[in-house]
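Listed here are the chains, written in short residue letters.
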Amino acid sequence: MNILTLIISILLLISFIFFYRKRNAISPMVIFFLLWTFILILSNLNLYGIYKPSFQAYLLIMLMLLFFAIGAIAYIVMSKQKLKKSGNQKSRKNDRKIELRYKIYYFLCFCIIIFNIIDIIIIIKELANDNPLWQIRNWTLEPFGSSNPILDRRSFLESAFRNIILASFETIIPPITAYYFFYEENKKRKYMLLVVSIVVLITSSIAGGGGRLGFIYYIGCFILVFFIVYRNKNSSIETIKKYKKIICTFLILGILFVAIYTIFRTGLGNIIKQTYTYFALPPTLLSIWLPDLENVKHTFGLTTFFGIHSYFFRVLDTIGLDFLVPQIYNDTYTHILNAEIFKQVGYGIGNAFVTPIYYFYIDGGYPFVCIASTFFGYLVSSLYENFEKRIDARSFVIYALVMYGVFVSFIRIQTAIPSYIISFILAIFLLKRQKTKNGKKEELNNV
C-alpha cells in the first residue's frame, strides 16, 4: 500500500502540474501534492529507525489525496460550466483600491514586540537556570491554565488578547509585508513595514523557544509575490532582477537562521536527521494514533472545525455557564490536546504531526475522511481561482493563508486552530476596500 499511495500521489502531482502549467509555482494544489509526494518518499525510506506506517495509515492518506483532487477538479469543472453559461464574461476590473489601516496595524505590531520582549527576558532567566531550550519551547506551546514559568505570570485578559487577537494578527504580517514590498510605491512605508515585520519575526521566534516555521512562512510569502510579479510582468526587467537578488538574500538568511536554531536546539550533527524526521514523521505518527481512534465517539465535524466554534464554548465556560457546554465539545477539546502528546516513533519521541486525517477520522471515520478531503480540495481550488481573478493586497493575504494551511497539512488541519480562522477576519478588517466615485473614495462594506 505504501508504494501504491506514493504512485498515486506522483500521478496526481503530474496531472495538476500539467493543468496549471505557468501557474505551477503559486498553485496550492500543486504545492499540496508536491509536499505529500515528498513526505511519502521519505516515509518509504524508513531511515533512523522510524517505525514503518501501517497499511491503514497509507490507505487513509491515499483516500485523502484522491478526494482532495476530486474536490479541486469539481470546482474547476463547475466554474468552467458557469463561465460558459454566463457567456464568457470578461473578468472584473481591479477598480477597487485596498488601503491598510496603518495605525491599528502598527499598534498591534508594537503589542507583539512588547509581549515578546517580556517572554524573552523570562527565557533568558530559565536558560541561565540550566533549563533546556526544548523544555522552554514546550512551555510556550502549552494551553492556557498550564503551570510553567512563562504562562504563570499571564493574566486571563492578557492570554485572551494574545491568543485571540495577536496570534491571529501575527499570521497576516508576512503576506502584508511581502505584498506591499513589491507593490507599494512609497519607499518609506515599504521599508517601515519590512523592518517592523522582521523585528516581530525574530522576537517571536526567540520568545517561542526557537520556532522555525515562522521563517519559512515569511520567506515563502515573499517568494509567492515575486512569482506573481514575474509572471504578470508587473515590473520592469531591471526591477525584477533587483527583486530577484533581494529574494535570494532573504532565502539565504532564512536558511542560516533555521540552521542556527536547529543546531542550538538539537546539536550540530542532527540537522539532516531532524529535517528527515520532520517530514517522514506524519504517516508514522498517524499510524501510531489510529488504534486509539478506533473506539472514540465521532464528533461529526467539531474536531475538524474546532477553530470556528471553540471560543464560543470557552466563553460560556469562563463566565460560569459551563452547564450550557455540551460534552461533545469537551471530548473534542481533549482530542485537540491529545495531538500534542509525545509518542515513541522509533528514533525517539514525536508529537503534533498527526496530519488532517487524525481530525477527519475522529469526526466520522472513513466516510468523513473522504467528505472532508473533498470539501477542502474544493475550497482551496475556489479560493485560489478567486484570487487569480483579482490580485490585490487583501486577496493575496487570504491566498497566502490558504497556502499556509496547505503547507502545514503535514502537521494538522489548520481549521482546528482558532487563531487561523480569526486571521481571515482580521485580514478583511485591516485591508479595507475602496473605490473612486465622483472623485471621492468610498469605503465598501461588502467583502
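Residues numbered from 1 in each chain as written. Predicted model: local features only at pLDDT ≥ 70, side-chain atom pairs only at ≥ 80, totals over all residues. Heavy atoms only, no water.

Here the focus is the packing of aromatic side chains. Overall, the coordinates contain 50 aromatic pairs when judged by the stated rule. Aromatic side chains F226 and F227 sit 6.3 Å apart centroid to centroid with 55° between the ring planes, which places their arrangement in the tilted category. On the accessibility criterion, F226 (11% relative accessible area) is buried. For F227, a relative accessible area of 35% corresponds to the partly exposed category. Seen in terms of ring centroids, F375 and F376 are 5.4 Å apart; in terms of plane orientation they differ by 75°. Their pairing is edge-to-face. Using a relative accessible area of 40% as the deciding quantity, one classes F375 as partly exposed. A relative accessible area of 9% places F376 in the buried class. Lying over the aromatic face of F429, R101 brings its terminal NZ or CZ to 4.6 Å of the ring centre. (Phe/Tyr/Trp six-rings, centres within 6.5 Å; stacked < 30°, edge-to-face > 60°. Buried < 20%, exposed > 50% of the residue type's maximum accessible area, 1.4 Å probe, protein only. Lys NZ or Arg CZ within 6 Å of the ring centre and 35° of its normal.)

Here helix α4 (residues 102–128) contains 27 residues, and its C-alpha end-to-end distance of 39 Å stays within 8% of the 39 Å for a straight helix at 1.5 Å per residue. Positive phi appears at D130, one or two residues downstream of α4, with a value of about 70°. (Helix = DSSP H or I, 4+ residues; strand = E, 2+ residues; numbered from the N terminus. Expected span 1.5 Å × (residues − 1).)

This part takes up the packing of helix α7 (residues 187–207) against helix α8 (residues 213–232). It is at 10 Å that the axes of α7 and α8 come closest, and there the two elements cross at 155°. Relative to α8, the element α7 lies roughly antiparallel. Residues L194, S197, I198, L201 and S205 of α7 pack against G214, F215, Y218 and F222 of α8. For the contact of α7 with α8, the residue count by class is 6 nonpolar, 3 polar and no charged. (Axes fitted to C-alpha atoms, helices over the stretch in contact; angles between N-to-C directions. Parallel < 35°, antiparallel > 145°, perpendicular 65-115°, else oblique. Contact = heavy atoms within 4.5 Å. Nonpolar A, V, L, I, M, F, W, Y, C, P; charged D, E, K, R; others polar.)

Structurally, T171 can be placed in helix α6 (residues 156–183). Given a relative accessible area of 15%, T171 falls into the buried group. A distance of 3.2 Å separates a polar atom in the side chain of T171 from the backbone oxygen of A167. Setting aside residues up to four positions removed in sequence, T171 forms contacts with Y217, L401 and S423. (Polar contact = N/O pair within 3.5 Å; in protein donor to acceptor, adjacent residues only side chain to side chain.)

Functional significance is not addressed by these values, which are geometric in nature.
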